[in-house]
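# Structure at a glance
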Amino acid sequence: MATAALLTACGQNKGASSSKQVMKTAVTGEISTLDSSKYGDTISSETLQNSMEGLYRFDKKGQARLAGAVKVTKSKDQKVYTFTLRKNAKWSNGDPVTAQDYVIAWRRTIDPKNDSLDSDSYQVIKNGTDIVAGKKKVSSLGIKALDKYKLQVTLENPIQYLPDLLTGAQFYPQDTKIVKKYGSSYGTSSSKLVYNGPFTVSQWTGSNLKWTLKKNKTYWNAKSVSLSAVKVQVIKTTSTGLNLYKGGQLDYAPVDSDYVKQYEKNADYHTKTTPTNGYMVFNLKRKTTGNVHVRRAISLGVNKQELVKTVLHSGKAAQGFVASDFIYDENGKDYRTSAGKLMNYNLKQAQKEWALAKKQLGKSKITIELLTSDMDASKRVGEYLQSNLMENLPDLTVKLRSIPLKSRLADTSKHNFDMVYGTWQPSFQDPIDYLTIGGLFNLESDYKNSTFWKEINQAKSTYATQPAKRQASLIAAEKQLIQKDAFAAPLYQAGVSYLLKSKVTGFRLSPYGTVAYYWDVKIK
């Protein structure tokens, strides 16, 4: 659930005491690593995004803008990008940030030996898919240092969303000299790497629950950063964080769904709907959930508005698998508006599909297991789905199985489930991310609909440079996947809720809603 994985920060006014510019904030999990080739969690990502900088960075309006580069040119076929890097960009040890620093970082991330959780992001880069599959050498990746400050990136096909994609921490550079110095221990503590972003990280030993972000004096745009430091501590229970906040020991505290009602009228309370999905995926290999009428009945039979109102207390009911208010076409129109509402709650239609399912399966009663993680928030959603579906679909029994997240992921990959509930945060602002990755377990291996894959392939290649036709293909693909075949059931868009002291200004979240940016924040 996205409601708890946030930080915030405050800034510095000229003439103010240095102590005033230290933000005290909480996070709900630990840093796993500061190696941008190996991270896979929100807290590590957030720390990296505030202490490192890639070719692009999101601006105040959530648009990707050049950051580590000052200029980019594209070839006529829109497959080759040539970036001119900032000559005034430096690492915190004084080394210049060079094109080779991007080459070494990207090759480390895609190298199968490093088991990166984000290597799939590189499949849009030339030879990326074959490298991930172990079919080609890492050195064949479509990235090349033309000279010290010129970087060339070659794509498999033209893509519209490259700037958004390259804001991700998995595409950050790494100081070549430091990577060679520390080898496999690179990024395992805050002292075993250097930083090229607005802040540096200190006092993180690799396992402790407190660390500090300090203003990076070597950052090329350091004059725009008001903060002197952010003191971060891990708070594993919401109640503890809220008590510290009320006692003045924190300037920010996350609020999960259990506490929204208690604090929603507080002047310090804030909430925002994010593009993170809550959804269910069905196992097509099992007879019951392999039946399309079963899947449609369940997709249509969940009262999503009630789920948001009574269980989540933030976010909103899903209108499709691709989030609303997140992706816009060249005319500024929301993709979700163009694609329409898919599989909204419709009890009459759900029960009609359910009757067809029982007839085709030759059963008067049906039992289905719902798999969730054993986190409290996931179990609460699972319990609601269990109750709501059994109430709405006659003769249905839903058995709930809640297990540790790691086990849930393993069971899903092994097809050891009927239907599984989960949440998923996109990596970039394009429908293709939702429709081909999106937490859609076993999509490529199990879902063989030729219409869907034809539309996806056309969007990736034939229509890659024709926005209107490309979007039409993506809309057709989503309707096939979600409306016609009900491979997955969209439930809601998650919300984030938190308390923030009124003295903090300029605070903002990433477009994905789970990462806080510090560099524009000030204290009144």
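Residues numbered from 1 in each chain as written. Predicted model: local features only at pLDDT ≥ 70, side-chain atom pairs only at ≥ 80, totals over all residues. Heavy atoms only, no water.

### Considerations on the sheet that holds strand E8 (residues 199–202)
Strands sit in the order E1-E10-E9-E8 across an open sheet of 4 strands; the sheet is mixed. Each edge of the open sheet is held by one strand with a lone partner, namely strand E1 (22–27) and E8. Between one strand axis and the next, the sheet turns by 25° as a mean value, whatever way the strands run. (Pairing = 2+ DSSP bridges. Helix = DSSP H or I, 4+ residues; strand = E, 2+ residues; numbered from the N terminus. Axes fitted to C-alpha atoms, helices over the stretch in contact; angles between N-to-C directions.)

### Quick look at the packing of helix H16 (residues 450–462) against helix H17 (residues 467–484)
Helix-helix packing is characterised by the crossing angle of the two axes and by the distance between the axes. Following both chains from N to C, one finds H16 and H17 inclined at 155°, their axes separated by 8 Å at the closest point. What the angle tells us is that H16 and H17 run roughly antiparallel. Where H16 crosses over H17, the two elements pack in a sense that is left-handed. Between H16 and H17, the residues in contact are Thr451, Phe452, Glu455, Ile456, Gln458 and Ala459 and Arg470, Ser473, Leu474, Ala476, Ala477, Gln480 and Leu481, respectively. Class assignment for the residues of the contact of H16 with H17 results in 7 nonpolar, 4 polar and 2 charged. (Parallel < 35°, antiparallel > 145°, perpendicular 65-115°, else oblique. Left-handed = near helix turned anticlockwise from the far one by under 90°. Contact = heavy atoms within 4.5 Å. Nonpolar A, V, L, I, M, F, W, Y, C, P; charged D, E, K, R; others polar.)

### With respect to the packing of aromatic side chains
Applying the stated criterion across every chain yields a total of 19 aromatic pairs. Ring plane angle 85° and centroid distance 6.4 Å describe the contact between Phe326 and Tyr434, whose orientation is recorded as edge-to-face. Linking Phe326 in the loop between strand E13 (316–317) and helix H10 (335–339) with Tyr434 in helix H14 (residues 431–436), this pair joins segments that are 108 residues apart in sequence. This pair shows no difference in class: Phe326 is buried, exactly as Tyr434 is. Aromatic side chains Trp424 and Tyr434 sit 5.4 Å apart centroid to centroid with 70° between the ring planes, which places their arrangement in the edge-to-face category. Remark: Tyr434 occurs in helix H14 and Trp424 occurs in strand E16 (residues 419–424); sequence separation between them is 10 residues. Taking the relative accessible area as the measure of exposure, Trp424 reaches 13% and is therefore buried. (Phe/Tyr/Trp six-rings, centres within 6.5 Å; stacked < 30°, edge-to-face > 60°. Buried < 20%, exposed > 50% of the residue type's maximum accessible area, 1.4 Å probe, protein only.)

### Focus: the pattern of salt bridges
Opposite charge on two side chains lets them pair, provided their charged atoms get close. Across all of its chains, the model carries 19 salt bridges by this definition. Across the salt bridge formed by Asp258 and Arg380, the nearest N and O atoms sit 3.2 Å from each other. Note that Asp258 is positioned in the loop between strand E11 (252–254) and helix H7 (260–263) and Arg380 in helix H12 (residues 376–392), a separation of 122 residues in sequence. Taking the relative accessible area as the measure of exposure, Asp258 reaches 46% and is therefore partly exposed. For Arg380, a relative accessible area of 23% puts it in the partly exposed group. Across the salt bridge formed by Asp520 and Arg508, the nearest N and O atoms sit 3.0 Å from each other. Of the two residues, Asp520 is situated in the loop between strand E20 (516–517) and strand E21 (522–523) and Arg508 in strand E19 (residues 508–509); the sequence distance between them amounts to 12 residues. Since its relative accessible area comes to 25%, Asp520 is described here as partly exposed. Residue Arg508 is classed as buried on the basis of its relative accessible area of 13%. Beyond isolated ion pairs, a larger network of salt bridges with shared partners links Glu369, Arg401 and Asp411. (Salt bridge = Lys/Arg side-chain N within 4 Å of Asp/Glu carboxyl O.)

### Quick notes on helix H2 (residues 99–110)
Over its 12 residues, H2 extends 17 Å from the first C-alpha to the last, a length consistent with the 16 Å expected when each residue adds 1.5 Å. Extensive coverage of H2 is indicated by the burial of 10 of its 12 residues. Taken together, the buried positions of H2 are occupied by Ala99, Asp101, Tyr102, Val103, Ile104, Ala105, Trp106, Arg108, Thr109 and Ile110. Of the surrounding secondary structure, the elements contacted by the buried residues of H2 are strand E5 (80–85), helix H3 (128–132), strand E6 (143–147), strand E7 (150–154) and helix H5 (176–182). (Expected span 1.5 Å × (residues − 1).)

### With respect to the sheet that holds E6
Strand order across the open sheet formed by 4 strands is E4-E5-E7-E6, with antiparallel pairing between neighbours. Single-partner strands in this sheet number two, and they are strand E4 (69–74) and E6. Taking the axes of each pair of neighbouring strands and ignoring which way they run, one obtains an average angle of 25° across the sheet. Seen against the sheet, H2 touches E5, E6 and E7 and runs at an angle of roughly 165° to E6.

### As for the confidence of the model for the chain
Reading fine detail from the predicted coordinates is not recommended where pLDDT is low. Taken residue by residue, the chain gives an average pLDDT of 92. The fraction at 70 or more is 96%. Counting contacts from residues 1–17, a segment whose pLDDT is below 50, to residues more than four positions away or on other chains yields 85 contacts. (pLDDT = per-residue confidence, 0-100.)

### A few points about the side chain of Asn392
Along the chain, Asn392 falls in helix H12. With relative accessibility at 6%, the residue Asn392 sits in the buried group. A polar atom in the side chain of Asn392 sits 2.9 Å from the backbone oxygen of Gly301. Setting aside chain neighbours within four positions, we find Asn392 in contact with Gly301, Tyr345, Leu347 and Gln351. (Polar contact = N/O pair within 3.5 Å; in protein donor to acceptor, adjacent residues only side chain to side chain.)

### A look at helix H8 (residues 292–301)
Among the 10 residues in H8, 8 count as buried, and that is most of the element. Those residues of H8 that sit buried are His293, Val294, Arg295, Ala297, Ile298, Ser299, Leu300 and Gly301. Looking at where H8 begins, the residue whose side-chain oxygen comes 2.8 Å from the main-chain nitrogen of His293 is Asn291.

### Looking at the nonpolar core
With 143 residues, the main nonpolar core has Leu55, Phe83, Trp106 and Met280 as its most contacted residues. Here this core takes 8 residues from strand E17 (residues 488–500), the largest share from any one element. Ranked by size, the runner-up nonpolar core spans 12 residues in total, among them Tyr245, Ala253, Val260 and Leu499. (Core = buried A, V, L, I, M, F, W, Y, C linked by side-chain atoms within 4.5 Å.)

### Some words on the pairing of strand E15 (residues 396–403)
In this sheet, E15 lies alongside strand E14 (residues 366–373) in parallel orientation, the contact comprising 8 bridges. Bridge assignment links Leu371 to a residue of E15, and that residue is Arg401. Where the polypeptide runs from E14 across H12 and back to E15, its parallel neighbour, the crossover connection is right-handed. (Right-handed = clockwise from strand over helix to strand, strands pointing away.)

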